[in-house]
Amino acid sequence: MGYSLFIITFLVALVSCNPQSNHDLKYKDNLSSPNKIFKNDSSEIHRDTLILNNQQVIQTLKHDQFYSLTFLSGDSIITCADYYFKAEFPDIDGDGFKDIRVFVFSNTPNQCENYLFDKISKTFRLIENCYLDIQLIRGTKLFYTYSSTGCSDMSWESHLSKIENWQEINIGFMNTKDCGDEDDGIYIYKINGNDEKLISTIKIKKFDNNGKNNKWNFIKSYWTKYHSKFER
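Residues numbered from 1 in each chain as written. Predicted model: local features only at pLDDT ≥ 70, side-chain atom pairs only at ≥ 80, totals over all residues. Heavy atoms only, no water.

S.K.: Honestly, the side chain of Asn110 in this entry has me stumped. Any pointers?
M.R.: Tracing the backbone shows Asn110 in the loop between β7 (100-104) and β8 (112-118). You can call Asn110 buried: its relative accessible area is 13%. At 2.8 Å, the side chain of Asn110 forms a polar contact with the side chain of Asp133. If we skip the residues at most four places from it in the chain, Asn110 touches Phe103, Tyr131, Leu132, Asp133 and Tyr146. (Helix = DSSP H or I, 4+ residues; strand = E, 2+ residues; numbered from the N terminus. Buried < 20%, exposed > 50% of the residue type's maximum accessible area, 1.4 Å probe, protein only. Polar contact = N/O pair within 3.5 Å; in protein donor to acceptor, adjacent residues only side chain to side chain. Contact = heavy atoms within 4.5 Å.)

Here it is in structure tokens:
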């Protein structure tokens, strides 16, 4: 039994690296947290069988880094790539189903691809123009991000966005400059298509690296409180 399961897993992993495999894959409705069933180890590649939305999938790791994700049938969810290093399975959009977030090697630590579960077609779909680990604002269908822009991470930016037709659309922008220059400050913009309108300027704050007064709490609090000003 164990040997047969290994052979099936190995054959599936080979199919998973086929670049012509389809990203649109069928899932059952019932939600179940990802649970590991078995692991097949080798010096370079090993594979885990996981339960994702009540469906068995195979996660392939290469040198202990994420490499691909497939169904037992061999259909590909995420094709093999050496620029991935970790996959997570959060409920990104808060709909009660697990989604997929795959981080990539980058100078931006939270750069990733986000795949949402489509409840109608029972597929995972890549969100276009979405390159960071978007965070849902509770009670809304809006998301916010964080990314460093320099000065030892003292300057940074955050976008407020929504998802329409499986694309991320920015509707707000927070640009923080803190390099010791005259124009240091937090600049808030409303975005409408290609138009950015400055609607507020906040004097630069001295954030704590730890504790409640940190920039991540500030970003979350600001977008949670004022998101309605940016909706359209």
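Right, picking up where we left off after that structure.
S.K.: Explain the side chain of Lys215 here, please?
M.R.: Here Lys215 is to be found in helix α2 (residues 215-226). In this structure Lys215 comes out as buried when scored by relative accessible area, which is 9%. Of the polar contacts made by the side chain of Lys215, one reaches the backbone oxygen of Asp153; its length is 2.7 Å. The contact partners of Lys215, leaving out residues within four places of it in the chain, are Tyr146, Asp153, Trp156, Phe207 and Asp208.

S.K.: I keep staring at the sheet that holds β7 and nothing clicks. Help me out?
M.R.: The strands making up a sheet associate through backbone hydrogen bonding, with each pair oriented either parallel or antiparallel. The strand order β6-β7-β8-β9 describes an open sheet built from four strands, whose pairing is antiparallel. Two strands in the sheet have a free side with no partner beyond their single neighbour: β6 (84-88) and β9 (123-126). Shown here is a sheet whose adjacent strand axes are inclined to one another by a mean of 25 degrees, direction ignored. (Pairing = 2+ DSSP bridges. Axes fitted to C-alpha atoms, helices over the stretch in contact; angles between N-to-C directions.)

S.K.: Before we go on, may I ask you to explain the environment of Asn213 in this structure?
M.R.: Here Asn213 shows up in the loop between β16 (195-202) and α2. In this structure, Asn213 is in contact with Lys206, Phe207 and Asp208, ignoring residues within four places of it in sequence. In this structure the side chain of Asn213 is engaged in a polar contact, spanning 3.4 Å, whose partner is the backbone oxygen of Lys206.

S.K.: Can you walk me through the packing of aromatic side chains in this structure?
M.R.: Pairs of aromatic rings are described using the distance from one ring centre to the other and the angle between the two planes. Per the counting criterion, the structure on display carries 15 aromatic pairs. Members of the aromatic cluster, each reached through a chain of ring pairs, are Tyr146, Trp156, Phe207, Trp216, Phe218, Tyr222, Trp223, Tyr226 and Phe230. The positively charged end of Lys86 is found above the aromatic ring belonging to Phe103, 5.0 Å away from the centroid. (Phe/Tyr/Trp six-rings, centres within 6.5 Å; stacked < 30°, edge-to-face > 60°. Lys NZ or Arg CZ within 6 Å of the ring centre and 35° of its normal.)

S.K.: Please explain α2 as it appears in this structure.
M.R.: The first and last C-alpha atoms of α2 sit 16 Å apart over 12 residues, in line with the 16 Å expected at 1.5 Å per residue. Every buried residue of α2 is accounted for by Lys215, Phe218, Ile219, Tyr222 and Trp223. End-on view of α2: buried residues confined to an arc of 115 degrees, all on one side of the axis. Buried residues belonging to α2 abut β11 (142-144), β13 (155-164), β14 (167-177), β15 (185-192) and β16. Where α2 begins, the side chain of Asn214 points an oxygen toward the backbone nitrogen of Trp216, at a separation of 3.1 Å. (Expected span 1.5 Å × (residues − 1). Arc of directions from axis to C-beta.)

S.K.: Which parts of the structure should I look at to understand the nonpolar core?
M.R.: Within soluble globular proteins, side chains that are nonpolar generally end up buried alongside one another. Counting 20 residues, the largest nonpolar core has Phe66, Leu69, Ile77, Ile78, Tyr84, Ile100 and Val102 as the members making the most contacts within it. Of all the elements in the fold, those that place two or more residues in this core are β2 (45-52), β3 (55-62), β4 (65-71), β5 (76-78), β6, β7 and β8. Not counting residues within four places of it along the chain, the set of residues in contact with Leu69 comprises Val57, Ile58, Gln59, Ser76, Ile77, Ile78, Phe89 and Ile100. Residues Tyr146, Trp156, Phe218 and Trp223 belong to the second largest nonpolar core, which totals 16 residues. (Core = buried A, V, L, I, M, F, W, Y, C linked by side-chain atoms within 4.5 Å.)

S.K.: Would you mind going over the environment of Leu126 with me for this structure?
M.R.: As for its position among the elements, Leu126 is in strand β9. C-alpha separation for the pair Leu126 and Ile78, spaced 48 residues apart in sequence, amounts to 9.7 Å. Look past the residues within four positions of Leu126 in its chain and what remains in contact with it is Glu113, Asn114, Tyr115 and Trp166.

Keep in mind that these numbers describe shape and distance, not what the molecule does.
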